[in-house]
Structures are given as C-alpha cells and as structure tokens.
Amino acid sequence: MSVPARAWAVTAAGTAVNLCLGILYGWSVWKAALVPKDKTLYGQPMTGTNAGWTYLSNSEGNLAYAVCGVTFALFMIPGGRLQDRYGAKLGATLGGLFLALGCVVAGVLKSFEGLVLGFGVLGGIGMGLGYAAATPAAVKWFHSSRRGLIVGLVVAGYGAAAVYISPLADYLIETYGLTGSFVGLGVLFAVVVVVAGQLLTPPPIGYAAPAPGAAAQAGAPATGAPPARDFGATQMLATWQFYLLVFLFVGSAQSGLLVIANAKSFLNDAAEKGSYFARNGWVLVTFIGAVNALGRVGTGQYSDRVGRLNAYALNGIVSAVCLLATPWVIGEKNVAFLFVVIGVMAWQYGGTLAVLPAVTADYYGPKNLGLNYGLVFTGWGIAFFVPQLASAIKDATDRWDGAFYLSGGLLVAAVLVSRIIRKPVSVAPAA
C-alpha cells in the first residue's frame, strides 16, 4: 500500500503555511534599517520614506524579535491543543489572521512600542497558532520510519522563508519604507496562510499509515525502536526526559537565533566598507534561510537512519566549533569563511527543528503531538534570552565576541546532555 496523494498535499500545505510564518527569520533585514551604526543617531527621527520612525539601539532593535519568539513558543501550547481537539484548519486560519494583523499594526504605528505589540505579540501569537497546526497534521499521515523526513519537509518552509522574504523585505524597505514592507507582507501572508490552512485535513478514522519496505518487514521504525505509547501532556510532564528535551531545545536553538537576529550586522562588520556585501547584507540572510531549510530536510532524513540524538550531537559539536571561531573570522574580515561558519550554524539550527519534534513523537507518541510538542517547544522561546543578551553585550563592548563564546558553551552543554537522555520506558499514571 502506498501513501495516499492526500498525505503529500497536507505536507505541501504545511510547508506553504510555514513559508509565511517564517518572516521571523528575516528580522535582521528590518533590524539593520532600524539600528544605525552611528550610536549618536539612537533615538533620532528618520527621514524620507521612513519619516515618522525613530532609530533604535541594538537592544531595542532586538526586543520585538525576542518578544515574538517567546510569544510564539507560549502560543504553541494552546495552538497544539486546538490542533489536537479541533484539527489544523482552525489554528492555521487564526495564525494567518493574527500574523497579518501584527504586521499591519507594526507598520502603521511606526514606533518601538508598535513593533513590540504588532510584530512581537500579535505576530508571535499568529506564528504559534499556525506552526502548531502544520507539523502534526502531516505527521499523522506517515509511518514513524519516515517521521524525520516529513517533519523536515514541513518545517523547512519556516527556514526557507528567509530565502524570499529577505530580498523582498529589503526591496520593500528601500522602495516603500518600513511601513510599506510590514503592511504589504502582512496582507500577502493572510491570504496564503488562510488558503493553505484549509488543506490541512487529518487522516480518516481508522487510517493506518503504510510502512515503506524495510520498516514494513521489520514491523518497527527505521531507528529500531518499538512504537511509542501515547502519553498525555500530564503524563509527559511526569517524566524527567521532558525537561532534558526542553534543555536540548534551549542549547541548540539559541545559537541559530543569535545568528538569525544579527546576520546582516555580522556581514557589515566583516565586509570591507563600501563593498558589495557591506551594501547587500540580505544576501547572508537569504543564504542562512536556504541552509536552514536544507538542514531540516537533510538532518531529518539522516536522523531516521543514525538516530535522532546522534544526528543532534553531530550537528551540535561541529556548530559549536564554528561559533567559537566566528569572532576571529569577523576580525580577519574573511567574508567567504564567514559564510562557511554561519552556514554550519544554520544547518545545525535547522536540523534541531526537524529532530526534536520527531523525538517528541518517538518518545511520547503521535496522538497528542500538537500539545506535547508545544510544551517541549517552550525551550525555543527560552532560547531568545541569548540574542537579547548578545545585543546588550554588543552595545556595551562594541564587539560580538562574548556572545559567541557564551553561545558556543551552551551548545556544548546541550550536546553532552543529548548523550544521556533515553526514551521513557513506561507511561506514568494519568493525573
């Protein structure tokens, strides 16, 4: 028996939803327009197409991004409950409408407070509700031996969003100003997310996902693990593994979020003044988006073969080395090498977003994946403290070095933790 065409349509729709929700990964383009290199301009009014806006400091320019991430993570929990109880269509529709409203509010208010409320709070709500709908809807159509690949394909949309959003936002900011960029993208996202969300249908009652050849013969997932029991959220919270999964999310996500928030600034620091890359920092943001998306699909695929946490550890240790080397790379103004080390970080970060939902499903079962993964995903929201702290370090020292060393150390700690975590052996009694 082959996988029905409907399963692939749901997967494609989930990817399309995430291609819009991933506006978060283009934030450094807006930050570069909001935060000037000259600190004397902080708090001064802008002119031209951005008249009515005021320049921000690094910390201020990062706050809407951080608030968006934390709100996103928190609303994955009610979003997951909506998905588990009422299906994915409702969550995706609400997500698209909240994201659009947030972008319009951010653009119309033309202020620091408007960015925090619009992009940060309302946008974060939209992302949490929409993201929680897309992945579980697709996973339920496929056998557990393909879980890593399917999760990777769906969440690749979120990572790949920066590929088109970064140059598009850069063009819109240059042509129509900050307000035009937010409002225009908000309207576009509302249409795409709401339409694609209507295709996120669950399998019919009694549906059994067909297993590919080897897994069908073995009667078990490709990882060799027995099928997971279905834990409820209360049961999952009673296991120690849940808290380590949250830490794994914090340790790996913070490094990618640090790079995503400041990519354009990193390239401006490394490139020679007046050079192509100094004038077109969006190129690095787009590159990060492409590698981030590839890391989700690639890591998801080989995690099905070598094991989820083995893939996590391999990605993490290589990325940690790159984090620790980046201050030297920027200091040497080696743009080519900067693309290499940041590409590794983007691959690792993308891989985490494919591995950890698959681990959650492996450990706690697919039935309640929406809510269970929403709870694990709180680690991603907590991880935003690192890019926020990094901006404060940059404002205080005029250098990024301390932020990279902090991030690399946290990632090493997460890799070590990934070596001791094991699948829960039994279901805790329901509360």
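First things first, this report covers the structure right here in the doc. What you are looking at is a predicted structure, and each value in this text was computed from that prediction instead of being measured.

Reading guide: rules and limits
- Residues numbered from 1 in each chain as written.
- Predicted model: local features only at pLDDT ≥ 70, side-chain atom pairs only at ≥ 80, totals over all residues.
- Heavy atoms only, no water.
- Axes fitted to C-alpha atoms, helices over the stretch in contact; angles between N-to-C directions.
- Helix = DSSP H or I, 4+ residues; strand = E, 2+ residues; numbered from the N terminus.
- Parallel < 35°, antiparallel > 145°, perpendicular 65-115°, else oblique.
- Left-handed = near helix turned anticlockwise from the far one by under 90°.
- Contact = heavy atoms within 4.5 Å.
- Nonpolar A, V, L, I, M, F, W, Y, C, P; charged D, E, K, R; others polar.
- Salt bridge = Lys/Arg side-chain N within 4 Å of Asp/Glu carboxyl O.
- Buried < 20%, exposed > 50% of the residue type's maximum accessible area, 1.4 Å probe, protein only.
- Polar contact = N/O pair within 3.5 Å; in protein donor to acceptor, adjacent residues only side chain to side chain.
- Phe/Tyr/Trp six-rings, centres within 6.5 Å; stacked < 30°, edge-to-face > 60°.

### Considering the packing of helix 9 (residues 240-270) against helix 12 (residues 308-331)
A pair of packed helices is captured by two measures, namely the crossing angle of their axes and the spacing between those axes.
At step 1: With their axes 11 Å apart at the nearest point, helix 9 and helix 12 run at an angle of 30 degrees to one another. Accordingly, the angle class assigned to the pair helix 9 and helix 12 is roughly parallel. Considering the relative orientation of helix 9 and helix 12, their crossing is left-handed. For the pair helix 9 and helix 12, contact is made by Leu248, Ser252, Ser255, Phe266, Asp269 and Ala270 and by Leu309, Tyr312, Leu323 and Ile330, respectively.
At step 2: Among the residues forming the contact of helix 9 with helix 12, the class breakdown is seven nonpolar, two polar and one charged.

### Observations concerning the pattern of salt bridges
At step 1: Counted according to the given criterion, the structure contains four salt bridges.
At step 2: Note that aspartate 362 and arginine 308 form a salt bridge whose closest N and O atoms lie 2.7 Å from each other. Of this pair, aspartate 362 sits in helix 13 (residues 335-364) while arginine 308 sits in helix 12; the two residues are 54 residues apart in sequence, bridging distant segments of the chain. Neither aspartate 362 nor arginine 308 differs from the other in exposure class; each is buried.
At step 3: Among the salt bridges present, the one from aspartate 401 reaches arginine 399, with a minimum N-O distance of 3.0 Å.
At step 4: Owing to a relative accessible area of 19%, aspartate 401 belongs among the buried residues under this scheme.

### Some details on the environment of lysine 333
At step 1: Following the sequence through the fold, lysine 333 ends up in the loop between helix 12 and helix 13.
At step 2: Linking lysine 333 and alanine 392, residues 59 residues apart in sequence, is a C-alpha distance of 23 Å.
At step 3: A distance of 2.7 Å separates the side chain of lysine 333 from the backbone oxygen of aspartate 269, its partner in a polar contact.

### Some remarks on the packing of aromatic side chains
At step 1: All told, the structure shown has 26 aromatic pairs when counted by the stated rule.
At step 2: Ring geometry for phenylalanine 242 and tyrosine 243: centres 4.8 Å apart, planes at 80 degrees, overall edge-to-face.
At step 3: Looking at phenylalanine 242, the relative accessible area reads 6%, which means it is buried.
At step 4: Through successive ring pairs, a cluster of aromatic residues spans Tyr65, Phe72, Tyr131, Phe249, Tyr373, Phe377, Trp380 and Phe384.

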